[in-house]
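One-letter residues, chain by chain:
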2 protein chains.
Amino acid sequence: MENGEIKQTVLLKAILAKEASRVLSLMDANQKNNILSAMSEALQQNTKEILSYNETDIKAAKEARITLSLIDRLTLTKERVESMIKGIKDVISLCDPVGTVIEETNPTADLNVKKIRVPLGVIAMIYEARPNVTVDAATLCLKAGNAVILKGGSEAINSNKILVKIIREAGVKAGMPAGAIQFIDTTDRAAVQEILKLDNFIDMLIPRGSEELVKFIKNHSLIPVLSHGKGLCHTYVDKDADIDMAVKISVNAKCQRPAVCNAMETLLIHKDIAYAILPKLHKLYTEANVELRGCNISKNIINSMKSASEEDWNTEYHDLKLSIKIVNSLEEAISHINKYGSMHSESIITNNEETANKFAAEVDAAAVFINASTRLHDGSIFGLGCEIGISTQKLHARGAMGIKELTTTKYIAKGNGTIRN
Amino acid sequence: MENGEIKQTVLLKAILAKEASRVLSLMDANQKNNILSAMSEALQQNTKEILSYNETDIKAAKEARITLSLIDRLTLTKERVESMIKGIKDVISLCDPVGTVIEETNPTADLNVKKIRVPLGVIAMIYEARPNVTVDAATLCLKAGNAVILKGGSEAINSNKILVKIIREAGVKAGMPAGAIQFIDTTDRAAVQEILKLDNFIDMLIPRGSEELVKFIKNHSLIPVLSHGKGLCHTYVDKDADIDMAVKISVNAKCQRPAVCNAMETLLIHKDIAYAILPKLHKLYTEANVELRGCNISKNIINSMKSASEEDWNTEYHDLKLSIKIVNSLEEAISHINKYGSMHSESIITNNEETANKFAAEVDAAAVFINASTRLHDGSIFGLGCEIGISTQKLHARGAMGIKELTTTKYIAKGNGTIRN
């Protein structure tokens, strides 16, 4: 497509989405749940077709020598499709947030003020390789009464096309307005730039992907952005930690799925416990093929480690790599995290409640874990149904975002000839 | 000051604010209330001095032939200072939002997740003439545990200087960290541009003032913006309206304080009631010196009105001017409002509940009033203590904003060696 054609196509899709959003905003939970059920059935019936389209994308990605971490994100399996379907069922079981009264006051005898939840309108999602985002985003947006515009990564174009086709056709048969799910089916980057200008039609933009993508969108969007940011997460093993627990959590936080944003990138260990724990961790990490990069003090304990540089403290590996630093105090750990962390997920392992509380209060992050793995920072685990991402910004939403973050509010004030004196 | 000097000064103030914010974030409600009490006493004791500094600003404004509407915003009186002091007392009486548990879940037996309110950190306010914003903003930010950077309009520089001096000195004596209230004391516009770049130190920026100011800031800020937008508010008199009530509310919405954002700018009247109400309104508006601009149909009823042009439907007069349009239906009223409105405050006068509910559901605005004046859209009236502005955006906050909008959230997840499987 030429640029002029892309501009027209994107604009038309945005207008259609806005029109559909007015219809969606008035639908009740039953109507929306029927649509979602139809989508989940259709995904079930067409799993083979989905996997076959996904195979095409994976083949192309391998030929293009894309990183293993990206291929992991791109890959669908029968289990991951099942997980999408389960995600839809979770969304169906969520209470419809639209119409909920959040606050109610009666400032005077003749004025009642309610603050209620209403849909945002049109939400655009710009994301990278993961095809499951297509289904998660569309269904969560729909349940919250919003239309959605989807722009996935070019690597997943075939997987996304088939997923959208399946859920849209099933949705429309079940009563969804046809404009409710818009899919930008060109892989041309110009389409993204056109989306960013349409603040008259799009109410919120959610970028999900690399730090560069998010930064580019934040700097160029006229539409308010709800960003899923980078995750440079730490685990701090305090001097009062239970060593077995600390080992178990530190291994889980790094190894369970290293390619995702809530995996640990830097391990901080109090000096008083370093000699007791580091050899154990070194053994397990070595068995798990984790490459370790240590500060000078930790290299005194495990001589074979590479040296960590300033750059390592600033790096989100997304891979089986880990930087390790020995700290002299809780305060040093907190200040390292507040300096290098991405305000995503930070964990402390300690049996000292006072220490845990200080860490939780002073670490500036979306989620603080006490004696738990950062990998637990997830909308599904936190009871939000499937998640739309994890926000590292402080406005509108912070941390795991669920359906409520896809709504806004409206005051409804009823009077009886009430005026201002 | 030269540009380099302005840059250094602004940066230093932002760094000092960030440092102070870490101290403020750990203060309890008592400590903060003591500081606020000291401020309110100091304002009381120094009212004469405040009015004298304000007099200097007003004199300069009159000499500069600034509009009446701006001079109204700039003017302080004994009553308006009393109102600021009352505002602080309201803030003291507000529950401290910091630490409140908003949600709590136990996803598994060994994981407890709390979502709690925490301060944002540093908030910058860029505003225009109204000096009361200085005190409202500083005290609300403080109660929510935030440091604040204030950049008021150049017209109010003397009023703002003395207000900040009084509350800062009183606050510090009562235990406030000295960096908590930063005042940009140059009237050079370059200072605003420097503030917009400091996203490493400033967590939120609130512009308050003209549409142009807000737009400029939104387009140039690297800091997330919470904007107080323009108010192009409508009142729709439905065919099922009580005529006396409709007259009372329509006059109040236009005349009670025309220079503010929640005053009505366009009156929509159903054709079936137009002949009955328009002559009554014409009489009262004429007595109140309101200049009327009507559509062709309304001019058939009141011949002496000026003609309203397309531009009038798009204009926020902020003045004793009103555009009037006769509509054929509720649907036409809703669609006019959704086309021309600024999503601020919209009112319907009707005794028909179904009509009222349809209007409330389909009008896309921060606040919808039923049988009440748009002038009631106000944080103090809505029970939020004094207000920080009225947001016309959909993210983070919509409508009258209070202390909760000056906070963010943090998940605190406590486990017992809990990992992800």
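Computed from a predicted model, the values in this text were never measured in an experiment.

(A) Structural view of the overall build of chain A. Looking only at helices and strands, chain A has 15 helices and 16 strands in total. Taking 421 residues into account, the globule formula puts the C-alpha radius of gyration at 22 Å, and chain A, at 24 Å, falls close to it. When its C-alpha atoms are laid out on the principal axes, chain A stretches across 70 × 65 × 40 Å. The contacts in chain A between residues at least 6 apart in sequence include a share of 73% that link residues at least 24 apart.

(B) Summary view of the interface of chain A and chain B. Residue-level contacts link 49 residues of chain A with 49 residues of chain B. For the side of chain A that touches chain B, the secondary-structure elements that each account for two or more residues are β1 (101-108), β2 (111-119), α10 (243-255), α15 (353-362), β13 (367-372) and β16 (407-418) of chain A. When residues of the side of chain A that touches chain B are assigned to their parent elements, the largest contribution, 11 residues, is made by β16(A). Here the side of chain A that touches chain B is composed, by residue class, of 26 nonpolar, 15 polar and 8 charged. Direction of pairing for β13(A) relative to strand β16 (residues 407-418) of chain B: parallel, over a ladder of 5 bridges. Note on β16(B): the bridge partner recorded for Ile370(A) is Lys414(B).

(C) Region of interest: the sheet that holds strand β12 (residues 345-349) of chain B. Strand order in the open sheet formed by 10 strands is β1(A)-β2(A)-β16(A)-β13(B)-β12(B)-β7(B)-β8(B)-β11(B)-β9(B)-β10(B), and the pairing between neighbours is mixed. Edge strands, defined here as strands with exactly one partner in the open sheet, are β1 of chain A together with β10 (306-307) of chain B. Along the sheet, helix α15 (residues 353-362) of chain B makes contact with β16 of chain A together with β7 (233-237), β12 and β13 (367-372) of chain B, crossing β13(B) at roughly 160°.

(D) Molecular detail of the sheet that holds strand β12 (residues 345-349) of chain A. Across the sheet, 10 strands lie side by side as β10(A)-β9(A)-β11(A)-β8(A)-β7(A)-β12(A)-β13(A)-β16(B)-β2(B)-β1(B); this open sheet has mixed pairing. Since the sheet does not close on itself, it has two edges, and those belong to β10 (306-307) of chain A together with β1 (101-108) of chain B, each with one partner. The sheet contacts of helix α14 (residues 330-340) of chain A involve β7 (233-237), β8 (264-270), β11 (321-327) and β12 of chain A, and relative to β11(A) the element is tilted by about 140°.

(E) The arrangement of the domain arrangement of chain A in detail. Splitting chain A by domain gives domain 1 (3-228 + 401-414) and domain 2 (233-376). Inter-centroid distance (C-alpha atoms) of domain 1 of chain A to domain 2 of chain A is 35 Å.

(F) Summary view of the packing of α10(A) against helix α11 (residues 271-287) of chain A. All names here are of chain A. For the pair α10 and α11, interaxial distance at closest approach is 10 Å and the crossing angle is 35°. Seen from above, α10 lies across α11 with right-handed handedness. Contacts between α10 and α11 pair Ile243, Ala246, Val247, Ser250 and Val251 from the former with Ala276, Ile277, Lys280, Leu281 and Leu284 from the latter. Class assignment for the residues of the contact of α10 with α11 results in 8 nonpolar, 1 polar and 1 charged.

(G) Highlighting the relation of the copies chain A and chain B. For the match of chain A to chain B, the screw axis carries a shift of 0.0 Å, the RMSD comes to 0.1 Å, and the turn is 180°. Look at the turn and shift together and you get a two-fold axis relating the two. Minimal C-alpha distance to the rotation axis in chain A is attained by His396(A), lying at 1.8 Å. A symmetric contact is evident, with 100% of the interface residues of chain A recurring at the interface of chain B.

(H) Examining helix α3 (residues 47-63) of chain A more closely. Residues and elements named next belong to chain A. Over its 17 residues, α3 runs 24 Å from end to end, which matches the ideal 24 Å to within 8%, given 1.5 Å per residue. If you check which residues of α3 are buried, you get Ile50, Tyr53, Asn54 and Asp57. With its buried residues spanning 100° around the axis, α3 presents them on a single face. When the buried face of α3 is taken as reference, the exposed residues oriented beyond 90 degrees from it are Lys48, Lys59, Lys62 and Glu63. Those residues of α3 hidden inside the fold are in contact with α4 (68-74), α5 (78-93) and α7 (157-173).

(I) The environment of Pro119(A), seen in detail. Residues and elements named next belong to chain A. Secondary-structure assignment places Pro119 in strand β2. Remark: the alpha-carbon pair of Pro119 and Ala144, spanning 25 residues in sequence, is separated by 5.9 Å. Setting aside residues no more than four positions away along its own chain, Pro119 makes contact with Ser21, Leu24, Ser25, Val98, Ala144, Gly145, Asn146 and Thr407.

(J) Highlighting α10(A). Here α10(A) is 13 residues long and its end C-alpha atoms lie 18 Å apart, about the 18 Å a rise of 1.5 Å per residue gives. Among the residues of α10(A), Met245(A), Ala246(A), Ile249(A), Ser250(A), Val251(A), Asn252(A), Ala253(A) and Lys254(A) are the ones counted as buried.

(K) Focus on the environment of Tyr275(B). For Tyr275(B), the location among the structural elements is in helix α11 (residues 271-287). Distance in space between the C-alpha atoms of Tyr275(B) and Ser298(B) is 8.8 Å, their sequence separation being 23 residues.

(L) Here's a closer look at the confidence of the model for chain A. Per-residue confidence for chain A averages 94 on the pLDDT scale, and 99% of its residues sit at or above 70. Predicted complex metrics record ipTM = 0.89 and pTM = 0.89.

(M) Region of the structure containing unusual backbone geometry. All names here are of chain B. Residues other than glycine seldom take positive phi values, yet Arg65 does so here, at roughly 50°. Take Arg65: it is sitting in the loop between α3 (47-63) and α4 (68-74). Residue classification places Arg65 among the exposed positions, given that 7 C-beta atoms sit within 10 Å.

(N) Geometry of the packing of helix α2 (residues 29-45) of chain B against helix α6 (residues 132-143) of chain B. Residue and element names in this part refer to chain B. Following both chains from N to C, one finds α2 and α6 inclined at 165°, their axes separated by 9 Å at the closest point. Here α2 lies roughly antiparallel to α6, going by the angle between them. At the point where α2 passes α6, the crossing takes the left-handed sense. Seen from α2, the contacting residues are Lys32, Ile35, Leu36 and Met39; seen from α6, they are Thr139, Leu142 and Lys143. Of the residues assigned to the contact of α2 with α6, the class counts are 4 nonpolar, 1 polar and 2 charged.

(O) Region of interest: the pairing of β12(A). All names here are of chain A. Of all 5 residues in β12, 5 are buried, a share of seventy percent or more. Examined bridge by bridge, β7 and β12 share 4 bridges and lie parallel to one another. Note that in β12 the partner of Val237 across the bridge is Ile349. Relative to β13, β12 runs parallel, the two being bridged by 4 bridges. Residue Ile348 lies in a different strand from β13, and its bridge partner there is Ile370. Considered for its hand, the β-α-β crossover made up of β12, α15 and β13 is right-handed.

The rules behind the values
- Per chain, residues are indexed from 1 in the order of the written sequence.
- Chain letters and ligand numbers both follow the written order, the letters beginning at A and the numbers at 1.
- Local features in a predicted model are, by the rule used here, given only for residues with pLDDT of at least 70; side-chain atom pairs are given and counted only at 80 or more, and totals for whole chains, interfaces and linings are based on all residues.
- Helix and strand labels come from DSSP, where a helix needs a run of H or I of at least four residues and a strand needs a run of E of at least two; each type is numbered from the N terminus.
- This radius of gyration counts C-alpha atoms alone. The globule rule is 2.2 Å times how many residues there are, raised to the power 0.38.
- Contacts are defined on C-beta atoms placed from the backbone: any two residues whose C-beta positions lie within 7 Å are in contact.
- Think of it as three bins: nonpolar holds Ala, Val, Leu, Ile, Met, Phe, Trp, Tyr, Cys and Pro, charged holds Asp, Glu, Lys and Arg, and polar takes everything else, Gly as well.
- Any two strands are treated as partners once DSSP identifies two or more bridges connecting them.
- Note on geometry: axes are lines fitted to C-alpha atoms, helical ones only across the stretch in contact, with angles between N-to-C directions running from 0 to 180 degrees.
- Throughout, the edges of the domains are those of an automatic or database domain assignment.
- A crossing counts as left-handed when the near helix is turned anticlockwise from the far one by less than a right angle, and as right-handed when that turn is clockwise.
- Copies are brought into register by a least-squares superposition over C-alpha atoms of residues with pLDDT of at least 70 in both.
- Here a helix's expected span is defined as the number of its residues, less one, multiplied by 1.5 Å.
- We call a residue exposed when 12 or fewer other C-beta atoms sit within 10 Å of its C-beta, buried when the count reaches 20 or more, and partly exposed for counts in between; the C-beta positions come from the backbone.
- Arc definition: directions from the helix axis to the C-beta atoms.
- The predictor rates its confidence in each residue with pLDDT, a number between 0 and 100.
- In these notes the angle categories are as follows: under 35 degrees is roughly parallel, over 145 is roughly antiparallel, 65 to 115 is roughly perpendicular, and the rest is oblique.
- Looking down the strands as they point away from you, a crossover is right-handed if its path from the first strand over the helix to the second goes clockwise.

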